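Given next are the chains, with one letter for each unit.
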Amino acid sequence: MERRHDYKGDNISEETTLDWRGKPSNSLKHGGMKAAAFVLGVQGFEIMAIAAVGNNLITYVINEMHFSLSKSANVVTNFIGTVFLLALLGGYLSDSYLGCFWTMLIFGFVELSGFILLSVQAHLPQLKPPNCNMVTDGEHCVEAKGFKALIFFTALYLVALGSGCVKPNMIAHGADQFNYQDNPKQSKQLSRYFNAAYFAFSMGELIALTVLVWVQTHSGMDLGFGISAAAMAMGLISLVGGTLLYRNKPPQGSIFTPMVQVFMAAFSKRKEVCPSDARVLHGSHSIKGPNSNATISDDMAILHHTNQFRFLDKACIKVQDGNSTKESPWKLCTVNQVEQVKILISVIPIFACTIVFNTILAQLQTFSVQQGSSMNTKLTKSFHIPPASLQAIPYIMLIFLVPLYDTFFVPFARKITGHDSGVTPLQRIGLGLFVATFSMVSAALMEYKRRNAAVILNKTLSIFWITPQFLIFGVSEMFTAVGLIEFFYKQSVKGMQSFLTAITYCSYSFGFYLSSVLVSLVNKITSNSSHGGWLSDNNLNKDRLDLFYWLLAVLSFLNFFNYLFWARWYSRNRSSSSSATIQHDFISKVTGDDTIA
């Protein structure tokens with residue numbers, strides 16, 4: 001049986017993980033990298049399946065469903081945005097009611113059914129409008145409506161629902177296999193797992209952007225969607241294959257109820273004055289006791305009082321004497337509950353600082369591909385590089401770079417910093433945000449060179465001139481994406497790991513939304529009577545995409561300094577709470593994990 005006990009006076013915190021039968025797990029039989037390897041299989045196959053659909057979906061919507069260009073673009077962006085937003089639902093259901101394994105299994109089959117339905121529709125002429133060439137006969141093509149449109153959108157959003165709910169749980173369930181809080185060796189393995197998860201992600205994306213997109217283009221979308229279904233089925237087989245090895249964290253009940261109770265209790269006692277001595281606050285000495293109204297589970301860490309967000313401390317003020325009827329949990333909370341909420345509030349600025357990073361990613365998937373379309377795509381006399389396949393460049397590099405990072409850089413940095421991951425998650429995020437700026441600098445310089453060559457010299461540059469911006473961003477993403485997931489997973493808000501991981505996916509949605517807003521604002525601000533703005537034409541030789549890239553580079557650089565401020569603010573505030581946890585020496589080491597040098 002695998003349990004953790006922490007003592008300080010009468011305080012006891014216990015963590016229990018279960019095997020597949022619901023019995024306490026055994027550290028000799030369950031968990032570790034052998035169990036996490038099966039979860040990595042799920043991640044690789046799932047991203048392969050969803051990326052192959054998402055990256056080439058606009059082709060299917062235009063050519064097969066005969067939607068207009070603007071409507072097709074909205075279908076794709078709404079689909080991608082829905083996938084990432086539904087990650088919140090997946091994280092909530094997992095932490096509150098189902099657990100990671102069952103959430104992945106249930107919604108994995110939902111996603112698989114969506115892929116199968118897409119494949120069936122793409123194969124059967126009865127489920128599509130009549131064949132028509134949208135390029136030459138666009139005005140006469142019949143758009144898919146009624147039952148045919150219903151089948152398409154049902155299939156598409158089954159995929160979105162399944163993928164959205166599976167994504168955060170893949171990372172969380174794999175990380176749950178490591179008892180990093182008690183075992184320093186497993187803490188190192190956890191860091192290695194996060195790198196391995198990104199390697200699996202990169203491999204899946206690479207195969208999707210090359211092999212699967214090529215199959216869709218040359219052998220038909222029905223076969224392409226069918227391969228996505230097969231890949232998802234392989235992912236589910238991998239998930240089930242590790243059932244006997246998993247250590248599973250049981251769901252905690254509604255994860256939002258304790259948080260809402262804190263805000264309601266603090267609001268109801270807003271006129272009370274916070275005591276100067278925090279020891280008189282309810283639950284300041286014990287997490288659970290005979291008079292405790294806490295709804296915190298045994299699996300949550302015991303946290304002591306900190307001075308940030310003092311207005312929430314009013315939720316812990318006792319207004320009745322010991323002989324009175326105990327107050328409702330909606331009016332009286334423990335210090336532990338309040339500190340959990342404080343942690344959640346304190347990580348919001350870190351999350352917000354990654355939105356600009358994902359706005360840059362949006363440019364690489366849109367304008368940079370458009371750049372490639374206006375360049376010489378010939379690799380040989382008979383072979384042309386599809387501009388969309390440029391997105392595979394970072395992943396080609398990362399399948400080599402990630403193992404090198406984990407094998408050489410982490411051990412070297414560990415000797416200097418003493419940190420299990422080589423550098424802390426916050427340092428890793430900051431390094432990635434800094435490097436991302438140079439991706440846009442490279443993009444701006446290359447676009448200026450490309451535009452001048454086309455307009456002044458009447459020359460078409462090779463598409464390989466724009467590869468540096470993809471390569472630089474790939475390095476940036478390796479640091480930022482992995483660091484962000486590790487940072488959120490290691491927060492002391494126990495029982496919410498899947499939901500916190502899901503929050504990181506929302507940054508993608510917000511980044512894409514911000515990109516759309518920026519494009520509209522830039523066009524509006526830079527337009528005048530003689531021209532319509534930097535990005536108003538469909539012709540890049542007339543637009544000033546280079547200036548837009550310089551704007552993003554400046555925003556990214558400013559965002560980096562904004563991140564430094566909030567990272568230091570977070571480290572400063574949380575360092576005080578780290579010394580207040582039950583097992584002082586060990587927890588201090590863990591929270592040192594989240595400081596910036």
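Higher on the page you've got the structure.
Below is a short write-up of the structure. All values reported here derive from a predicted model rather than from experimental measurement.

1. Describing the overall build of the chain
Within the chain one finds 18 helices and 2 strands. Counting across all 597 residues of the chain, residues that qualify as buried make up 55%. Of the contacts made within the chain by residues no fewer than 6 positions apart, 81% connect residues no fewer than 24 positions apart. With an accessible surface of roughly 25500 Å², the chain has 64% of that area assigned to carbon and sulfur atoms.

2. Points about helix α5 (residues 146-175)
Along its 30 residues, α5 runs 44 Å from first to last C-alpha, staying within 8% of the 44 Å computed at 1.5 Å per residue. For α5, the principal kink sits at asparagine 169 and spans about 25°.

3. With respect to the pattern of salt bridges
Under the counting rule described, the total for this entry stands at 9 salt bridges. Note that arginine 450 is salt-bridged to glutamate 447, the shortest N-O span being 2.9 Å. Residue arginine 450 and its partner glutamate 447 are located together in helix α14 (residues 425-455), separated by 3 residues, close to a single helical turn. Comparing arginine 450 with glutamate 447, the two get one shared label, buried. For arginine 544, the salt bridge is made with aspartate 546, and the minimal N-O distance between the two is 2.9 Å. Residue class for aspartate 546 comes out buried when judged on its relative accessible area of 2%.

4. A short note on the packing of aromatic side chains
Per the counting criterion, the structure on display carries 31 aromatic pairs. Note on tyrosine 198 and phenylalanine 201: the rings are 5.6 Å apart at their centroids and 25° apart in plane angle, and the pair reads as stacked. Separated by 3 residues within a single helix, tyrosine 198 and phenylalanine 201 lie in helix α6 (residues 184-219), roughly one turn from each other. Owing to a relative accessible area of 6%, tyrosine 198 belongs among the buried residues under this scheme.

5. Comments concerning the environment of cysteine 165
Turning to its location among the elements, cysteine 165 is positioned in helix α5. When its relative accessible area of 0% is taken as the criterion, cysteine 165 is described as buried. Counting along the chain gives 71 residues from cysteine 165 to serine 94, while the straight-line C-alpha distance between them is 8.7 Å. Contact partners of cysteine 165, with chain neighbours within four places excluded, come to Leu86, Leu89, Gly90, Thr103 and Phe107.

6. A few points about the environment of arginine 428
Along the chain, arginine 428 turns up in helix α14. With 53 residues separating them in the primary sequence, arginine 428 and alanine 481 have C-alpha atoms 9.0 Å apart. Apart from residues lying up to four places away in sequence, arginine 428 is in contact with Asn195, Tyr405, Val423, Met478, Phe479, Thr480, Val482 and Gly483.

7. Side note on a nonpolar patch on the surface
Where nonpolar side chains cluster on the molecular surface, the patch consists of Tyr97, Leu98, Trp102 and Ile106 and spans about 400 Å² of accessible area. Listed by contribution, the elements that provide at least two residues to the nonpolar patch are α2 (69-98) and α3 (100-123). Its location among the elements puts tryptophan 102 in helix α3.

Criteria and cut-off values
Residues numbered from 1 in each chain as written. Predicted model: local features only at pLDDT ≥ 70, side-chain atom pairs only at ≥ 80, totals over all residues. Heavy atoms only, no water. Helix = DSSP H or I, 4+ residues; strand = E, 2+ residues; numbered from the N terminus. Buried < 20%, exposed > 50% of the residue type's maximum accessible area, 1.4 Å probe, protein only. Contact = heavy atoms within 4.5 Å. Areas by Shrake-Rupley, 256 points an atom, 1.4 Å probe, with all protein chains shown as cover. Expected span 1.5 Å × (residues − 1). Bend = angle between axes of the 7 residues up to and from the residue. Salt bridge = Lys/Arg side-chain N within 4 Å of Asp/Glu carboxyl O. Phe/Tyr/Trp six-rings, centres within 6.5 Å; stacked < 30°, edge-to-face > 60°. Patch = residues over 30% accessible without salt bridge, like charges linked within 9 Å, V, L, I, M, F, W, Y side chains within 5 Å.

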